[in-house]
Amino acid sequence: MVEPAAPDASSQAQTGQTTAGAALQGRPPELEDWLNGQIYHPLSMRLARALALTPITPNMVSIAGGLSIVLAALVYWFSTSWTGVLLALIIHISWHVFDGADGDLARLTKRTSSTGEVIDGICDIVGHIILYVMLGVILAQDIGSFTAWILAVGAGAGRIVQAAHYEVQRRQYQYWVYDKTWLRVAAKGEGKPPGIFGLGAVAYVTLGRLFAPGGQHVDELVEAGSPAHKSALRDVIREETVPVLRSTYLLSANYRTLVCGISMLAGSPLYFFMFEAVGLTLVLVISILTASRATRRIQHQAKSLR
C-alpha cells in the first residue's frame, strides 16, 4: 500500500497528552475490557508515539504483529518446557500490543484507510492460521490426526465467526455513536479498497452481516436523521448497545491468548481447542441473540423519535 506522506512526527510527539488523547478517542471506555484498558492499549499508545518519530508505517506494525504470532507458534512447536511455553505466551501477548499500535500510529500520522484495515486483518488471520496448524500437528501426535484436525478446524472456524461478530459490534457502535467511519460504510462507496483488498472487504462485511443481524438497518436510521434526531437516537443506541458490547468481551482475542498459553502449560492444545469450539460458541450464540434484541429495540424506539 502506498500511504500518504505523514506530517512531521517530531512536532506530533511534542503535543504530548493532547495527541495521545486524540488518538485514543477511537477507543471509548465502554469498549474496553480490563486487559485492553489497563495493559494492552496503554502499551500500544506508547509504542505508537515512539514509532511516530520513525519512518515505520502502520502496515509495517501490522506485519510485525502477524510475525509475532508465527514466532509464538514456532516456540510452542519446538519447546515443551514450561519456560519455553511461557516465552511463547509472552511473544503471543506482544501481538495484542502491535495490534493496537498499528491503529494508533495510523491516527497519529493521519494514515488511516480501509486498505490498512484489511491488511491488519489479513496479517492477524494468516498468523493465526499458522498457529492453529502447528497446534493441530502437536495435538495429532497425542490423540491421532482425525480427531485432532476436527478440533483444530472447528476451533479455527469458530474463531473466525466469533471474531467477526465481536469486531462488527464494536465498529458499528463507534459509527453509530461517534460517527467513526469503518469498512462496512466505506465499502459502499469510493472508500472501498481496490483489487484483492476489496474482495477481502466484501467477505468481511458479508460475514459481519450474518453475525450482526439488524446492524445495517440501524446504519440507515443514523444516516437518514436530522442532527437533533441523530443526537436522540445515539442516546438510545448507547443505552441499548452497551450490554451487547459487554456480552462480547469473552470473544475478544485477549482471553484466547491466555487460554492457549495455559493449555500448553497443561501439556496439550486440546483444552484451548475445546474452549474455542464449545465454550465460546455458546458465548457467541448468547451474544448474537442479545445483539438482535437490541437492534430491534433501537428500531422500535427510533420511530417514536420522529
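The shown structure was predicted, so the numbers you read here are calculated from the model rather than taken from an experiment.

Draft legend 1. Structural detail: the overall build of the chain. Scanning the chain from N- to C-terminus turns up 13 helices and 0 strands. Written out in order from the N terminus, the α and β elements of the chain read α-α-α-α-α-α-α-α-α-α-α-α-α. Taking all 306 residues of the chain together, the buried fraction comes to 50%. Working note: accessible area of the chain is about 14,500 Å², and carbon and sulfur atoms make up 67% of it.

Draft legend 2. The pattern of salt bridges, seen in detail. Within this structure, the stated rule accounts for 7 salt bridges. Arg256 is paired through a salt bridge with Glu276; the nearest N and O atoms lie 2.6 Å apart. Here Glu276 lies in helix α13 (residues 270–305) and Arg256 lies in helix α12 (residues 253–265), a separation of 20 residues in the sequence. By the burial criterion, Arg256 is buried, and Glu276 matches it. Shared partners join several salt bridges into a network, and the residues in it are Glu117, Glu167 and Arg171.

Draft legend 3. Structural context of the side chain of Gln169. Relative to the elements of secondary structure, Gln169 occurs in helix α7 (residues 145–178). With residues up to four places along the chain from it excluded, the contact list for Gln169 reads Phe211, Ala212, Val244, Leu245, Thr248 and Ala291.

Draft legend 4. Fine view of the environment of Glu32. Examined against the element boundaries, Glu32 turns out to sit in the loop between α2 (17–24) and α3 (34–51). For the pair Glu32 and Arg246, spaced 214 residues apart in the sequence, the C-alpha separation amounts to 9.1 Å. Setting aside its immediate chain neighbours within four residues, Glu32 contacts Arg27, Gly37, His41, Arg170 and Tyr249. Side-chain polar atoms of Glu32 contact the side chain of His41, separated by 2.6 Å.

Draft legend 5. Spotlight on the environment of Glu117. Secondary-structure assignment places Glu117 in helix α6 (residues 114–143). Separated by 55 residues in sequence, Glu117 and Ser62 place their C-alpha atoms 9.4 Å apart. At 2.3 Å, the side chain of Glu117 forms a polar contact with the side chain of Arg171.

Draft legend 6. Spatial organisation of unusual backbone geometry. The residue Lys110 is not glycine, and still its phi comes out positive at about 55°. Mapped onto the elements of the fold, Lys110 is located in the loop between α5 (82–108) and α6. Residue classification places Lys110 among the exposed positions, given a relative accessible area of 60%. For Asp179, which is not glycine, the phi dihedral falls at a positive 60°.

Draft legend 7. View of the nonpolar core. Core analysis: the biggest nonpolar cluster contains 26 residues, and Tyr76, Leu131, Tyr132, Leu135, Met264, Phe272 and Phe273 have the highest contact counts within it. When residues in this core are grouped by element, the largest group, 7 residues, is from α6. Apart from the residues lying within four places of it in its own chain, the contact partners of Phe273 are Tyr132, Leu135, Gly136, Leu139, Leu151, Ala152 and Ala155.

Draft legend 8. The environment of Pro42, seen in detail. For Pro42, the position within the fold is in helix α3. Between the C-alpha atoms of Pro42 and Gly100, which are 58 residues apart in sequence, the distance is 9.1 Å. If we skip the residues at most four places from it in the chain, Pro42 touches Asn36 and Gly37.

Draft legend 9. Quick look at the side chain of Arg234. In this fold, Arg234 is placed in helix α11 (residues 227–247). Sequence-distant contacts of Arg234, that is, excluding residues within four places in its chain, are made with Tyr175, Trp176, Val177, Asp179 and Val222.

Draft legend 10. Molecular detail of helix α10 (residues 215–224). Buried residues of α10: Gly215, Val218, Asp219, Leu221 and Val222, and no others. Viewed end-on, α10 has its buried residues packed into an arc of 165°, placing them on one side of the element.

Draft legend 11. Region of the structure containing the confidence of the model for the chain. Here the chain averages 85 in pLDDT, and 83% of its residues register 70 or above. Between residues 1–25, whose pLDDT stays under 50, and residues either more than four places distant or in other chains, the model counts 35 contacts.

Draft legend 12. A look at the packing of aromatic side chains. On inspection of all chains with the given rule, the structure shows 5 aromatic pairs. An angle of 75° between the planes, with centres 6.5 Å apart, marks the rings of Trp77 and Phe78 as edge-to-face. According to the relative accessible area criterion, Trp77 is partly exposed, its value standing at 34%. Accessibility expressed as a relative area gives 65% for Phe78, which makes it exposed. For the pair Phe272 and Phe273, a centre-to-centre distance of 5.8 Å together with 35° between the ring planes defines the contact as tilted. Among the residues examined, Phe272 registers a relative accessible area of 1% and is labelled buried. These aromatic residues form a ring-pair network of at least three members: Tyr132, Phe272 and Phe273.

Parameters at a glance
- Residues numbered from 1 in each chain as written.
- Predicted model: local features only at pLDDT ≥ 70, side-chain atom pairs only at ≥ 80, totals over all residues.
- Heavy atoms only, no water.
- Helix = DSSP H or I, 4+ residues; strand = E, 2+ residues; numbered from the N terminus.
- Buried < 20%, exposed > 50% of the residue type's maximum accessible area, 1.4 Å probe, protein only.
- Areas by Shrake-Rupley, 256 points an atom, 1.4 Å probe, with all protein chains shown as cover.
- Salt bridge = Lys/Arg side-chain N within 4 Å of Asp/Glu carboxyl O.
- Contact = heavy atoms within 4.5 Å.
- Polar contact = N/O pair within 3.5 Å; in protein donor to acceptor, adjacent residues only side chain to side chain.
- Core = buried A, V, L, I, M, F, W, Y, C linked by side-chain atoms within 4.5 Å.
- Arc of directions from axis to C-beta.
- pLDDT = per-residue confidence, 0-100.
- Phe/Tyr/Trp six-rings, centres within 6.5 Å; stacked < 30°, edge-to-face > 60°.

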